[in-house]
Amino acid sequence: MDKKIILLLLFCYLCHSCAEKDKDEDDGCTWKTKVVNVSAYNSVHWQTDEEPSVAAWGDTLLPGMKAIAVSRDLLDLGLEQGSHVKIQGLDGFYTVMDKMHSRWKNKIDIYMGTDIAKARKWGRKKLKIKYRVKRETNTDNE
């Protein structure tokens, strides 16, 4: 079996097990919700750049992955590379693996491999997402 496929399967398994952890467990994280604009994108050069399968942080995107790109303003809210996201109406968790151009605000794009028809059919929606962030701690000594 190809080494890339083995690594991809291992990555997917680890992401799934982390995302499915007992949500009541106190691991220093909390779930937040937000309504965002949601569209879809593909690994094609005219939608991305000359390396359409390489995301902004250098991750390789492969068809079938549950990956999303986020607008840069969402990075400040804790939706950083590797964050797990639940998207209203979709099964499972998606992983933040890409980021968008700074012109986009309050937006995520769902990665749909090379299936352009599927991405066009998805269109644009306004949906609620849930995402995990580290719980803020009070560092004031008052």
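Here, every reference points to the structure presented above.
Residues numbered from 1 in each chain as written. Predicted model: local features only at pLDDT ≥ 70, side-chain atom pairs only at ≥ 80, totals over all residues. Heavy atoms only, no water.

1. Considerations on the sheet that holds strand S3 (residues 84-87)
The strands making up a sheet associate through hydrogen bonds between their backbones, and the pairing can be parallel or antiparallel. Inclusion rule: Here, strands pair whenever DSSP counts at least two bridges between them. By the criteria applied, helices consist of DSSP H or I runs no shorter than four residues and strands consist of E runs no shorter than two, each listed in order from the N terminus. Under this scheme, a helix contributes an axis fitted over its contacting stretch, all axes are lines through C-alpha atoms, and angles between N-to-C directions fall in the 0 to 180 degree range.
One closed barrel holds the 6 strands; their spatial order is S1-S5-S2-S4-S3-S6, and the pairing between them is mixed. Neighbour-to-neighbour, the strand axes of this sheet turn through a mean angle of 45°, independent of strand direction.

2. Some thoughts on the pairing of strand S2 (residues 67-70)
Rule in force here: Using a 1.4 Å probe on the protein chains alone, a residue whose accessible area is under 20% of its type maximum counts as buried, one over 50% counts as exposed, and one in between counts as partly exposed.
By the alternation rule, side chains of S2 split into Ala67 and Ala69 and Ile68 and Val70, which are all buried. Pairing between S2 and strand S4 (residues 94-99): 4 bridges, direction parallel. Following the sheet pairing, Val70 is matched in S4 by Lys99.

3. Observations regarding the pattern of salt bridges
Here is the rule: Should a side-chain nitrogen of Lys or Arg be within 4 Å of a carboxyl oxygen of Asp or Glu, the pair is scored as a salt bridge.
Considering all chains together, one arrives at 1 salt bridge under this definition. Lys107 is paired through a salt bridge with Asp109; the nearest N and O atoms lie 2.8 Å apart. The two residues Lys107 and Asp109 agree in class, both being buried.

4. Considering the nonpolar core
Selection rule: Here, nonpolar core refers to any group of buried Ala, Val, Leu, Ile, Met, Phe, Trp, Tyr and Cys residues whose side-chain atoms link them within 4.5 Å. Residues are treated as being in contact if the distance between any of their heavy atoms lies within 4.5 Å.
Ranked by size, the top nonpolar core spans 21 residues in total, and within it Ile68, Val85, Ile87, Ile108, Ile110, Trp122 and Ile129 carry the most contacts. Looking at this core, the elements that each hand over two or more residues are strand S1 (29-41), S2, S3, S4, strand S5 (107-111), helix H3 (116-122) and strand S6 (125-134). Looking at this core element by element, the count peaks at 4 residues for S6. In this structure Ile108 touches Val36, Asn37, Val38, Ser39, Ile68, Ala69, Val70, Leu74, Ile87, Met100 and Ile129, once residues within four positions along its chain are discounted. Residues Ala55, Met65, Ala69 and Met97 belong to the second largest nonpolar core, which totals 9 residues.

5. Considerations on the environment of Ala69
Mapped onto the fold, Ala69 is located in strand S2. Note on Ala69: relative accessible area 3%, which makes it buried. Ignoring anything within four residues of it in the chain, the contact list for Ala69 reads Tyr41, Asp98, Lys99, Met100, Lys107, Ile108 and Asp109.

6. Here we look at the packing of aromatic side chains
Filter applied, for reference: Two rings belonging to Phe, Tyr or Trp (six-membered ring only in the last case) form a pair when the distance between their centres is within 6.5 Å. Interplanar angles under 30 degrees mark stacking, angles over 60 mark edge-to-face geometry, and anything in between is tilted. Look at NZ for Lys and CZ for Arg. If either is within 6 Å of the ring centre and within 35 degrees of the ring normal, a charge sits over the ring.
Tallied over the entire structure, the rule returns 2 aromatic pairs. Judged by centre distance (5.8 Å) and plane angle (45°), the rings of Trp31 and Phe93 are tilted. Here Trp31 is found in strand S1, whereas its partner Phe93 is found in the loop between S3 and S4, with 62 residues between them in sequence. For Trp31, a relative accessible area of 23% puts it in the partly exposed group. Judged by relative accessible area, which is 14%, Phe93 ranks as buried. The ring of Trp104 carries Lys107 above its face, with NZ or CZ at 4.9 Å from the centroid. The ring centre of Trp122 lies 4.5 Å from the NZ or CZ of Lys125, which sits over that ring.

7. Notes on the pairing of S5
Of all 5 residues that make up S5, 5 are buried, and the element is covered over most of its length. Burial along S5 is two-sided: the residues Lys107, Asp109 and Tyr111 and Ile108 and Ile110 are all buried. The pairing of S1 with S5 spans 5 bridges and is classified as parallel. Across the sheet, Ser39 pairs through a bridge with Asp109, a residue of S5.

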